[in-house]
Amino acid sequence: MDRAQAGLRLIELTHGELKEELGGACAQLGIRQAAVVSLIGAVDGFTVSTMPADDATKDVVTDYDLPAEMTGTGEIVDGVPHLHVVMAVEGDRAVAGHLHRARIGTWFARAYVQPLD
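These numbers come from a predicted model, not from an experiment.

Caption draft 1: Looking closely at the overall build of the protein. The number of helices and strands found in the protein is 1 helix and 9 strands. Listing the helices and strands of the protein from first to last along the sequence gives β-β-α-β-β-β-β-β-β-β. Taking 117 residues into account, the globule formula puts the C-alpha radius of gyration at 13 Å, and the protein, at 14 Å, falls close to it. Projected onto its principal axes, the C-alpha coordinates of the protein cover approximately 45 × 35 × 20 Å. The contacts of the protein with a sequence gap of at least 6 include a subset with a gap of at least 24, amounting to 68%. When the accessible surface of the protein is summed, it comes to about 6,700 Å², and 53% of that surface belongs to carbon and sulfur atoms. Averaging the locations of the 9 positively and 17 negatively charged side chains of the protein gives two centres separated by 4 Å.

Put into structure tokens, the structure is as follows:
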């Protein structure tokens, strides 16, 4: 990667599954290792996981068929996005966790990605 490609990259996603689309965009840009410095936008539905209080080695995975405002951070490791998010949903509530899926359609997602490779 030359110096021109090494700086912070803005990746805008307008439709599809967020992690798949972000991984694909990073692949097109030749990014395999990166910090996702900021993730913002809104999604039409999402799946996150958290850990149960009595066993940090397990995941509690929950699907939400709700629109949500989104913020998050994460990393790209070997071309695969790993994101932690906070989703603001109806009723001024927040749902946080490890992002498994997020459906983009009505709005957009923007990832600010700092390549490390």
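Caption draft 2: Region of interest: helix H1 (residues 18-29). If you check H1, its first and last C-alpha atoms are 16 Å apart, about what 12 residues at 1.5 Å a residue would give, namely 16 Å. The set of residues buried in H1 consists of Leu18, Lys19, Leu22, Gly23, Ala25 and Cys26. One side of H1 carries all its buried residues, which in axial view fall inside an arc of 165°. Across from the buried face of H1, at angles greater than 90 degrees, the exposed residues are Glu20, Ala27 and Gln28. You can read the cap of H1 off the contacts: a side-chain oxygen lies 3.0 Å from the backbone nitrogen of Lys19, and it is on Glu17. Looking at the residues trailing H1, positive phi occurs at Gly30, about 75°.

Caption draft 3: Fine view of the nonpolar core. One finds Leu18, Leu22, Phe46, Met87 and Leu99 to be the most contacted residues of the largest nonpolar core, which totals 27 residues. Sorting the residues of this core by element identifies strand S1 (9-13), H1, strand S3 (34-43), strand S4 (45-50), strand S6 (68-77), strand S7 (80-89), strand S8 (93-104) and strand S9 (109-115) as the ones contributing at least two each. With near-sequence residues (within four places) excluded, Leu99 lies in contact with Leu18, Lys19, Phe46, Thr47, Val48, Leu83, Val85 and Met87.

Caption draft 4: Main features of the pattern of salt bridges. Inspection of the entire model under this criterion finds 5 salt bridges. Across the pair Lys58 and Asp55 runs a salt bridge whose closest N-O atoms are separated by 3.6 Å. Here Arg101 ties to Asp63 by a salt bridge, and the two come within 3.5 Å at their closest N and O atoms. Residue Arg101 is found in strand S8, and its partner Asp63 is found in strand S5 (residues 60-64); the two are separated by 38 residues along the sequence.

Caption draft 5: Structural detail: the packing of aromatic side chains. Evaluated as defined, the whole model comprises 1 aromatic pair. Between Phe46 and Tyr64, the ring centres sit 4.9 Å apart and the planes meet at 20°, which makes this aromatic pair stacked. Residue Phe46 is located in strand S4, and its partner Tyr64 is located in strand S5; the two are separated by 18 residues in the primary sequence. For Phe46, a relative accessible area of 3% corresponds to the buried category. Accessibility expressed as a relative area gives 25% for Tyr64, which makes it partly exposed. When the ring centre of Phe108 is taken as reference, the NZ or CZ atom of Arg110 above it lies at 4.1 Å.

Cut-offs applied
Residues take numbers from 1 onward in each chain, read along the sequence in its written order. Per-residue local features are limited, in this predicted model, to residues with pLDDT of at least 70; the limit for side-chain atom pairs, both in listing and counting, is 80 or more; totals at the level of whole chains, interfaces and linings are taken over all residues. Derived side-chain values reflect all non-hydrogen atoms in the structure, with water molecules and hydrogen atoms excluded from consideration. Numbering goes from the N terminus for both helices and strands, where a helix is a DSSP run of H or I of at least four residues and a strand is a run of E of at least two. This radius of gyration counts C-alpha atoms alone. The globule rule is 2.2 Å times how many residues there are, raised to the power 0.38. The contact criterion used is simple: two residues touch if any of their non-hydrogen atoms lie within 4.5 Å. Surface accessibility follows the Shrake-Rupley procedure with a 1.4 Å probe radius. Residue values consider only the protein chains on display as shielding. Charge counting follows a simple rule: Lys and Arg are positive, Asp and Glu are negative, and His as well as the terminal groups are ignored. To locate a charge, the coordinates of NZ of Lys, CZ of Arg, CG of Asp or CD of Glu are taken. Take the residue count of a helix, subtract one, and multiply by 1.5 Å to get its expected span. Only protein chains enter the accessibility calculation, which uses a 1.4 Å probe; a residue whose area is less than 20% of its type maximum is buried, one above 50% is exposed, and one in between is partly exposed. The directions considered for the arc run from the helix axis to the C-beta atoms. Whenever two N or O atoms come within 3.5 Å, that pair is a polar contact, provided that in protein one can donate a hydrogen and the other can accept it, and provided that, for residues adjacent in sequence, both atoms are side-chain atoms. What is meant by a nonpolar core is a set of buried Ala, Val, Leu, Ile, Met, Phe, Trp, Tyr and Cys residues, joined one to another through side-chain atoms within 4.5 Å. Any carboxyl oxygen of Asp or Glu within 4 Å of a side-chain nitrogen of Lys or Arg constitutes a salt bridge here. Between 30 and 60 degrees the pair is tilted, below 30 it is stacked and above 60 it is edge-to-face, where a pair is any two Phe, Tyr or Trp rings, Trp via its six-membered ring, whose centres lie within 6.5 Å. We call a charge positioned above a ring when the Lys NZ or Arg CZ atom is no farther than 6 Å from the ring centre and deviates by at most 35 degrees from the ring normal.

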